[in-house]
Each structure stands twice: as C-alpha cells, then as structure tokens.
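Listed below, chain by chain, are the residues.
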Number of protein chains: 2
Amino acid sequence: MDKQTITIYDVAREAGVSMATVSRVVNGNPNVKPTTRKKVLEVIDRLDYRPNAVARGLASKKTTTVGVIIPDVTNLYFSSLARGIDDIASMYKYNIILANSDENEQKEVQVLNTLLAKQVDGVIFMGNKITEELRAEFSRSRTPVVLAGTVDPDEQVGSVNIDYETATKDSVELLLENGHKKIAFVSESHDEPINGQFRLKGYKQALKDASIEYDENLVFQSEYTYKVGEAVYEQLIKVDATAVVVADDELAVGILNAALDRGVSVPEDFEIITSNNSKLTEMTRPQLSTVVQPLYDIGAVAMRLLTKLMNKEEIDEKTVKLPYTIAGKGSTK
Amino acid sequence: MDKQTITIYDVAREAGVSMATVSRVVNGNPNVKPTTRKKVLEVIDRLDYRPNAVARGLASKKTTTVGVIIPDVTNLYFSSLARGIDDIASMYKYNIILANSDENEQKEVQVLNTLLAKQVDGVIFMGNKITEELRAEFSRSRTPVVLAGTVDPDEQVGSVNIDYETATKDSVELLLENGHKKIAFVSESHDEPINGQFRLKGYKQALKDASIEYDENLVFQSEYTYKVGEAVYEQLIKVDATAVVVADDELAVGILNAALDRGVSVPEDFEIITSNNSKLTEMTRPQLSTVVQPLYDIGAVAMRLLTKLMNKEEIDEKTVKLPYTIAGKGSTK
DNA sequence: ACAAGAAATGAAAACAATTTCAACATAAAC
DNA sequence: GTTTATGTTGAAATTGTTTTCATTTCTTGT
C-alpha cells in the first residue's frame, strides 16, 4: 500500500546471503568472493535497491552531510563562497544543508542547533561575529567547525580568510598615492572583528604611515545593501571625503551610482575601492577597483579543511589565510 | 571517551518513566499528565538532552528536510528563488539540502538520486528541461516534487512560474511601440520549454500582431553569463538589430555594457529589455527595463505548495502562475 | 460505590542499515 | 596430511527514535 521500499533484507533473502554480505557489497568492502559479489549486485540491480541513507546514518553515525550557515544566499559574496563549498563537498561525497541566518545571532544559534540535531558531520559558518553563545555550542558538540570568510580572534575552530588588515591598508595606500587626504572608510558594524579589528586597523595604519591624522568622522558603519548607498554617499560628501574604501561590493555599487546620479565623475572627482571582487565589480561602469579576494577558493579551502577535520587527519594549520591582490579598475585613477 | 550522547533512554531512566513518555513530551503529545511532563522536561533540561533527528527520521519516516536542486547559487535569479524557498521552509520547520547542478542533465539525475537516498520529504527542482530520465525518477519515488521557475509541459508535478509567453509578448510590444522593426531575441537553448516554447512563441506572436515578418536571424541562443555579452552584442549589430529582448539579467548587463563601451547610447540608439528583475537591473546605469518577476515569491510559493503536497493536503491547482508586470526603466524609452 | 469511558503510561516491535565476532571454508606451509 | 594463516560468511547486537497496543490509572455519571 504505502511506498513499498526494497530493503537490504529483501536483497539478502533474494540473493541467498546475509544482510552483512549485502552491506559489504554495497560499501565496496573487498572481503567478498567475486562470485557472490556478482550475484548480489545482480539482485540489487534487479530489485532496484537503493540504500536508505538515514538508516545508514543511524548505524554508522555518519550522515555525509555538512551544515552551512550563510547570512544570505542572495548576497554574491556569500553565494560565491557557498559555491566553492558545495563543489568540494560533492567532490568528497558530502551534501550541504544550507541555512540563511541574516546575521541574526538568535537565528544563528537556533539554526546551528537544528543542524547538530540532524547529526551533520561538520559545519561551515559564515557570519561575522562569533558570539559567546555560538562559541559555547561549537565546543559543546564534538562536531568540527570551519569559518569561511569569517574570523574568530579566539582561533578555536578552523577558518579560511584573507588578511583583511593589510588588504585594507593596501587599498587606502592606493588612494593616498592618488593624492587623497580625506579618505572615508565604510563597513558594517565595528563589533565584528573583521571590520572593527582588522580592516579599521589597516585603515588607521595606512593613514599613520602617511602622517595623516585619523578622523573618526570619516569612518562609517552601514549595512551592506545597495539601497543605502544613496544615504551613505550623502554622508560622505557632508564630511568632504574625496575617496572611499568600502567593505562590501553591493554597497559600493550603491555609492558609485549615487555619485554618478549626482553628476559626479568617478574616478575623476571621487574614487572608490571595494573589497570583494564579486561579479558586480565588473558589471558597473566604471568598473569598481577592488581587493581581489579568491571567493570561490575561500569556500573550497574551507570545505577541504573541514573534510580533513571530519576524517581526524593531521592538520598543519587550521587558521588559513589565502592571498589577495588589489585590482585598480575604473573607480580609481 | 567518544562523544557520549544523551539518549531518550537516559532521560527515561533518570525521570523514572518510559521512553514512550519522553517521546510524547518531546513531541508535544497532549496525552501526558502535566506533572510528569514537568518532571521529564526538568530532566531533559538538566541532562541537556537533544533528540537525534536521524533516529527520529528512521523511526518516523520523515526527515523534515527537502532537497533543492539549483543550477548555480551564484546566479541571482536562482538564489532569489532559493531565498524564498528557505524562508518558507524554515517557517514550516524544514531544512534545505542545496545542490548545484550546473544544468547538467547527468548531475541533475545523480543529485536527485542522492537526495532521494537521503529520504528527503520533498524536492524542489530548478533547472530548465525535465529530461525523460528525470521524469522517470520523479514518478519512481513517491516523493513530492515542485518545479520553481521551471516548466514541464507534462504538468505531472507541481510548478510555480509566471506566464513567460505573454511576458515576452509584452516586452516585444513595448519595443514595437517605441518604433523598432528589428527586435532581436536572446535566450538560452530552445530545447528548454521556457525559451523554445513559451518565450519564443510570445516573441513571434507580438511580431505577427504588428505585421512584422519573423526573421530567424534575429533570434539567438546563448548561455546566461555576463562575459558573453560582448560577443552577443557583436552579433546583434551584425544583423542591424536596434533593440533586444534578453531572457537573463546577467547576460543583459553584458550586452548593455558592450553597447556602452562602444559609445552607443542606451536607450537612445539601442534598447534593451530583460526578464528577471533581479537586483542587477537597478545597479546598472541606465537601469535595465525588465519583466518584473516575483522571484522571492516564486520560491516561497513553490515551497508552500510542497508543504501541502508533503502533508497530502488537497490542492486546488498544482500548476501555479504568478502575476508579473513590465517595468520600463532606463534601457527603454 | 461501581461500571464505563477516557486519560496516561509502558513494553516491545518497528525502522534499515552497520558492525562485531564467531564460525566456516579455503589456501599455504611444513 | 595436519597445522596454520587467510579469506568469506552470517547471526545477532547496535544505533536512537517513534509507534502500536495492551495495561493501568483516573474521571465521571448514576
């Protein structure tokens, strides 16, 4: 009546062997006589038997599934990482449970818990801040965790990033070389280590090296969306900034367009450099100068690292920093 | 030594009740005396018991997980759908296993099979063409399937779309009203029903209504990427097209930029209308005129439909068409 | 106070695999 | 031709729940 499923038991009976033997055949265990293997395979084929991964997961305590917590799939920065993650995951026969968190701390914890309840073999976390609660959950479970494009100063779990500090420093220096004195810096909340600790530090350092005094009026915290670009640009001109370092591409496009819509020439009258090198940076006119992050690779390497942790392999360095470059495109001279 | 997990059995023992009672408490079954419920809850809290979803899935034959097959998360059209899917899914306590297919028929089948092996309660498929093999798998398993932004002329499974034919017809008519005679049409392969059957039909119909003869030299099949925009634009000017209807936003941006980079004014000298209304359409200058598809809603409605199918609820209409509009933005007069 | 119906509980059987360990068969060694 | 080692196999336990069904405990009406 109900969906009559073929189980390993049916195959065993039909092939005249035990379930154990069928299991061995299915799992490629070499301790099976070739003739019986063939016989079992033939029955599997005839009955169209498909192993039940849930039962397998219960018995073996492995689900070949990893949880991926992402702020928003719709954000090109994160979706690029996600693509790298999924490709490597499927290369290693894992599947991905993807969950959007909106960077909401409560959702993050809640989602992490349901992933752990589902017995994922590992977790890749993308977000910004690792709250205490999150950290507690990480260590409570034995499940390996890797952060992608996300840093935890605590360094208790694996992580893959670039050196945001020097990348930002390089960005600012590019603008300094172009003669700017009033360079603004726009990122999300400084509560997040990537912004508040690393990027801001790089920004300050570059200014210091150029003997320009740090002016906190030039530093802004804003959400990462296209639509706030208008408002942010208004603030930038209010403080007479002539150039800006932006931590997110979508926001950078918003700022660029706000400038263009006001008849301001970019890069002649205003320069912009952004941080992610998502596809967006080449879609605007002028194209956006940017830090070139290896987005796909950050995801891919994070997933690869996770496979090693799940296999309990020896890890040389679980905090990895990938190389970046700076691409001067059209939004800087 | 190993990850010593607390099981329902531990809770039962500690609370002096049976596993069945603990199970009832955990699942909110009302047939439990308030005092024992309280006692059990207290033990659950004290031991920090978390139910194992895999065991639960095996026993109940429900995983509260749905599979989502997506061509590429990195494509804003699809990721927008995916976001709608995930939001509704989590609203109904489901998780999403996301798998990229690259629209590769072989991968699609393979991925579908691993999803079914993982006993997902339902599948949402985004792609283009439902091959015979895919269709066979769909009906082989009793697992409900809903197509999102994807049409199967067969209409055997649920689906959520817009009316691509009239949307395209409307798009062409907008350009006709602006006086164009040589309007090109660019989409992916005509093997896909959305393009070859519906959009192309709408294109032809609009021309016919305007008594303009159909010219197949004005019709192009191209992949949906930004970078081929250049090449496509070259072809468009070669056939003297003065306007174009594009089936994908990213490709449309590529074409727009190719035109702009050659000093062609849009919309004065060349008009473009695209089809998805992804964020990209507002990020370009000029902004792209477009068919306004309710992307998020397509995903959301698809997931909602799937929940009904999974619950075996009565469905009035499993082939749903959502409304669309046309937004004349900056790339048309 | 008692029968009858309802509510609360527990024992044990699924669920569909893997895994352990003992048993048997075969091959190699002497 | 034993003995020993190695290769194959199966029985049964295990995994952590849900679910069924029988049993016990309450209510309630008379």
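Look up: the structure comes first, before these words.
Residues numbered from 1 in each chain as written. Chains lettered and ligands numbered in written order. Predicted model: local features only at pLDDT ≥ 70, side-chain atom pairs only at ≥ 80, totals over all residues. Heavy atoms only, no water.

## Some points on the environment of serine 265 of chain A
Positionally, serine 265 of chain A belongs in the loop between helix 11 (249-261) and strand 9 (271-274). Sequence separation between serine 265 of chain A and aspartate 121 of chain A is 144 residues; the distance between their C-alpha atoms is 51 Å. (Helix = DSSP H or I, 4+ residues; strand = E, 2+ residues; numbered from the N terminus.)

## Notes on the pairing of strand 2 (residues 95-100) of chain B
For strand 2 of chain B, the buried fraction is high: six of the six residues fall into the buried class. With burial as the criterion, each face of strand 2 of chain B is covered, one bearing Asn95, Ile97 and Ala99 of chain B and the other bearing Ile96, Leu98 and Asn100 of chain B. Of the strand pairs in this sheet, strand 2 (residues 95-100) of chain A and strand 2 of chain B are connected by three bridges, and their pairing is antiparallel. Looking at the pairing, isoleucine 96 of chain A lines up with leucine 98 of chain B of strand 2 of chain B. For strand 1 (residues 65-70) of chain B and strand 2 of chain B, the ladder comprises six bridges, and the chain directions are parallel. Looking at the pairing, valine 66 of chain B lines up with isoleucine 96 of chain B of strand 2 of chain B. (Buried < 20%, exposed > 50% of the residue type's maximum accessible area, 1.4 Å probe, protein only. Pairing = 2+ DSSP bridges.)

## Things to note about the sheet that holds strand 12 (residues 325-327) of chain A
All names here are of chain A. With respect to topology, six strands assemble into an open sheet ordered 7-6-8-9-10-12, the strand pairing being mixed. The outermost strands of the open sheet, each flanked by one partner alone, are strand 7 (219-221) and strand 12. Strand-to-strand twist in this sheet, taken as the mean axis angle between neighbours without regard to direction, amounts to 20 degrees. Two elements, strand 10 (residues 289-292) and strand 12, share three bridges in a ladder whose sense is antiparallel. Counted as the bridge partner of valine 291 is isoleucine 326 from strand 12. Across the face of the sheet, helix 8 (residues 164-177) comes into contact with strand 6 (183-187), strand 8 (243-246), strand 9, strand 10 and strand 12 while running at roughly 165 degrees to strand 8. Across the face of the sheet, helix 9 (residues 193-209) comes into contact with strand 6 and strand 7 while running at roughly 165 degrees to strand 6. (Axes fitted to C-alpha atoms, helices over the stretch in contact; angles between N-to-C directions. Contact = heavy atoms within 4.5 Å.)

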